[in-house]
Amino acid sequence: MTFTLIWIAAAIILLGIYLSWTAGRLDRLHARIDAARAALDAQLLRRASVAQELATSGILDPAASIVLYQTAHAARQAEDEQREVAESELSQTLRAVFAEPDTVQAVREAPGGPEAVGELTAAVRRTPMARRFHNDAVRAARALRRQRAVRWFRLAGHAPFPLAFEMDDEPPQALTAEGVSR
């Protein structure tokens, strides 16, 4: 009888350790999601700011400047529900405006142009990486939250179910080729 109670107590202690470890891991994943989301927001804001700066510089033709400014402004001001769509539209506008290497070269030849092109190239390269890091953290947290023990013992608490950030983040071809040839 005593031997059975010892085994039951050991099993309960091991289960408690496992649940505690899993809850800690889930908490770390949620913190990683928050950090990755903050980094993604910073990169998206940086990309939109550089696009707005280029749009108001007078280097681009007026039609491209207006469209680029409007989509960059919309991306910066978008609410969370519309953010993915606004950022995708900014990506599409950047691809349209910088579709030709001649446009990038014209910006590069203007005063302050090399810095602007470098900044925009860095921003459009970092955005997909930041989104990938965020979505990887979301995927890991979702996988852990789907486990039975996590659901049965409600180890996630009241934390909202993490959502991935899906957007069109393909950079303009002329900018990526420009960044490579540096």
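Remember, predicted model here, so these are calculated numbers, not experimental data. (Residues numbered from 1 in each chain as written. Predicted model: local features only at pLDDT ≥ 70, side-chain atom pairs only at ≥ 80, totals over all residues. Heavy atoms only, no water.)

Draft legend 1. Region of interest: the packing of aromatic side chains. For the structure on display, the rule yields two aromatic pairs. Here Phe 3 and Trp 7 contribute two aromatic rings whose centre-to-centre distance is 6.0 Å and whose plane-to-plane angle is 80 degrees, an arrangement assigned as edge-to-face. Taken together, the positions of Phe 3 and Trp 7, both in helix H1 (residues 2-55) and four residues apart, correspond to about one turn of that helix. Summarising the burial analysis for this pair, Phe 3 and Trp 7 share the class exposed. (Phe/Tyr/Trp six-rings, centres within 6.5 Å; stacked < 30°, edge-to-face > 60°. Helix = DSSP H or I, 4+ residues; strand = E, 2+ residues; numbered from the N terminus. Buried < 20%, exposed > 50% of the residue type's maximum accessible area, 1.4 Å probe, protein only.)

Draft legend 2. View of the environment of Leu 163. Position of Leu 163 relative to the elements: it lies in the loop between helix H6 (148-152) and helix H7 (173-180). Residues Leu 163 and Pro 111 lie 52 residues apart in sequence; the distance between their C-alpha atoms is 42 Å. Residues within four places of Leu 163 in sequence aside, it is in contact with His 134, Val 138 and Arg 142. (Contact = heavy atoms within 4.5 Å.)

Draft legend 3. Just unusual backbone geometry, in detail. We note that Arg 154 has phi near 50 degrees; this positive angle belongs to a residue other than glycine. Residue classification places Arg 154 among the exposed residues on the basis of a relative accessible area of 68%.

Draft legend 4. Region of the structure containing the pattern of salt bridges. The final tally for this structure, using the stated rule, is eight salt bridges. Close ionic contact of Asp 168 with Arg 95 constitutes a salt bridge, the shortest N to O distance being 2.6 Å. Linking Asp 168 in the loop between H6 and H7 with Arg 95 in helix H3 (residues 83-97), this pair joins segments that are 73 residues apart in sequence. Take Asp 168: its relative accessible area is 22%, and that puts it in the partly exposed class. Given a relative accessible area of 23%, Arg 95 falls into the partly exposed group. Of the charged contacts, one joins Asp 169 and Arg 131 as a salt bridge, the two residues approaching to 2.7 Å between their closest N and O atoms. Residue Asp 169 is found in the loop between H6 and H7, and its partner Arg 131 is found in helix H5 (residues 113-145); the two are separated by 38 residues along the sequence. This pair shows no difference in class: Asp 169 is buried, exactly as Arg 131 is. Among the ionic contacts, a cluster of salt bridges with common partners joins Arg 37, Asp 41, Arg 47, Arg 83 and Glu 87. (Salt bridge = Lys/Arg side-chain N within 4 Å of Asp/Glu carboxyl O.)

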